[in-house]
Amino acid sequence: MTSTAAISGISAASADSAKTLAVRAKRMKQRRQMFDLIAVSYLIDTALLLIYAYAGTISFGNVPAYFACAMVVTGGNILLSETGFHDRFKDHYLVVPTVAVNMALVIGFSFWMPQVAFLFMGSLFIIFSMASLRATPGQSLLCWAAMTVALAGLFLFTDSPLAMPHGSLLERIATWLVLVLTIGRCIFIGMYSSKLRQSLYNRGAELREAYQRIEELAELDELTGTFNRRCIMRMLNEEIDRAERSATPLSLALIDLDWFKRINDGFGHPIGDEVLRTFAITIFANIRSFDRFGRYGGEEFLLLLPNTTRADAEGMLERLREIVAELDWTAFSPGMKVTLSAGIATTATADSADTVLTRADSALYTAKEMGRNRIFAI
């Protein structure tokens, strides 16, 4: 037994480990997608800087310097992510440190190359758009406050002539491209965000459907598809309370398949199971939408008939008895015949589930004593 428990423990631990690895792999993939987007954005900025260099706004030496710094920052993030460093923290995306490093990069180059500061100011929009995909409200406020302080230092405490180049035609084209591509990247990030939200929504819908299915399975009898005993008993109590509040009659019937043990013994349990399923489907197809039908135990079933008097209940059960008796049960096995007996009880003032069920059980016993294949009401 100890050995079995140990094996079970090892299996459970292995399953948990596999699940953890799958979750980490998914997070890593999502981070990689974000860092790839950042890298592409830096490549676009590098291309724009190259145009400014051709226009004579900045020297060509500044372009590879910016590209190298951008790739070091992005490559460092990717390396840390791939090695699992991010997974050590509650925030698996390290939003604040990532924003801080990238913000320091573009503001630093704004100070170094004020002639094209307009380009780097546009990069701030990209950085914060990317951060908004994963940042909490608190993280967003913290990053915004840090940006405010950094820009205050750049604008108020330096004499750098922060410019938007537009002197020559090539500079105007480059500046136009900066504006257009910055807005385009923000739109793309918005589309990416919308896709993430849709994915989360779909996943939530799938989880709700799965939860609903679990609830349904918890209420249904596995063999017959009817309500199980726990569920039908809860419904009985609810219907009794409703009948008392509305002063309307409530009848119920305990139904038993006659000589069902003989069916199991003579034709086999698989055939017996098919008989129970067919019986349940037949009853379902011939009761009202607000009636409740469940398996009480074995071959016994409980049918709740709200707003139904004893006389009406007798008529309904007699009709069901005839339908079941007239089915061609020989399709399951030659010579097979299936009938039912039922005991009916109608609730009275101050009745409980136990008292009314006791009367229904007594009525069912009487129906069997009278020869089976009949209905008896108390």
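Residues numbered from 1 in each chain as written. Predicted model: local features only at pLDDT ≥ 70, side-chain atom pairs only at ≥ 80, totals over all residues. Heavy atoms only, no water.

**Student:** Sorry, what's going on with the overall build of the protein here?
**Tutor:** Check the secondary structure of the protein and you find 11 helices and 5 strands. For a compact globule of 378 residues, the expected C-alpha radius of gyration is about 21 Å, and the protein comes in at 37 Å, more than 25% above that figure. Its C-alpha atoms give the protein principal-axis dimensions of roughly 110 × 55 × 40 Å. In the protein, buried positions account for 40% of the 378 residues. Within the protein, residue pairs in contact and separated by at least 24 positions form 71% of the contacts whose partners lie at least 6 positions apart. Accessible area for the protein stands at about 20,600 Å²; split by element, carbon and sulfur atoms hold 63% of it. In the protein, 36 positive and 37 negative side-chain charges are present, and the distance between their average locations comes to 7 Å. (Helix = DSSP H or I, 4+ residues; strand = E, 2+ residues; numbered from the N terminus. Rg over C-alpha atoms; globule rule 2.2 N^0.38 Å. Buried < 20%, exposed > 50% of the residue type's maximum accessible area, 1.4 Å probe, protein only. Contact = heavy atoms within 4.5 Å. Areas by Shrake-Rupley, 256 points an atom, 1.4 Å probe, with all protein chains shown as cover. Lys, Arg positive; Asp, Glu negative; His and termini not counted. Charge placed at Lys NZ, Arg CZ, Asp CG, Glu CD.)

**Student:** How should I be thinking about the environment of Q30 in this particular structure?
**Tutor:** With respect to the element layout, Q30 can be found in helix α1 (residues 2-55). Residue Q30 is classed as partly exposed on the basis of its relative accessible area, which comes to 21%. Each C-alpha atom, one on Q30 and one on S110, is 30 Å from the other, the two residues being 80 residues apart in sequence. When residues no more than four places from it in sequence are discounted, the contact partners of Q30 are Y93 and R134.

**Student:** Which parts of the structure should I look at to understand unusual backbone geometry?
**Tutor:** Note: most residues except glycine have negative phi, and most peptide bonds are trans. At L94, a position not held by glycine, the phi torsion is positive, near 45 degrees. The residue L94 is located in the loop between α2 (62-82) and α3 (95-112) in this model. With a phi angle near 55 degrees, N307 is a residue other than glycine that sits in the positive phi range. Looking at the secondary structure, you find N307 in the loop between β3 (300-306) and α10 (310-326).

**Student:** Can you help me understand the pairing of β3 in this one?
**Tutor:** In regular strands, side chains alternate between the two faces of the sheet. Within β3, 7 of the 7 residues are buried, which leaves the element mostly enclosed by the surrounding structure. Burial along β3 is two-sided: E300, L302, L304 and P306 and F301, L303 and L305, pointing in opposite directions, are all buried. Here strand β1 (residues 250-257) pairs with β3 via 7 bridges, running antiparallel. Bridge assignment links L254 to a residue of β3, and that residue is L302. In textbook terms, the turn of a hairpin is the stretch between consecutive antiparallel strands, and for strand β2 (residues 292-297) and β3 this stretch comprises 2 residues, one of which, G298, has a positive phi near 60 degrees. (Pairing = 2+ DSSP bridges.)

**Student:** Honestly, the pairing of strand β4 (residues 340-346) in this entry has me stumped. Any pointers?
**Tutor:** Of all 7 residues in β4, 7 are buried, a share of seventy percent or more. Judged by which residues are buried, β4 turns out to be covered on both faces: L340, A342, I344 and T346 on one side and S341, G343 and A345 on the other are all buried. Relative to β4, β1 runs antiparallel, the two sharing 7 bridges. By the bridge assignment for β4, A253 is matched with I344. The pairing of β4 with strand β5 (residues 375-377) spans 3 bridges and is classified as parallel. When the bridges of β5 are listed, I344 appears paired with A377. Crossover handedness for the path β4 to helix α11 (residues 353-369) to β5: left-handed. (Right-handed = clockwise from strand over helix to strand, strands pointing away.)

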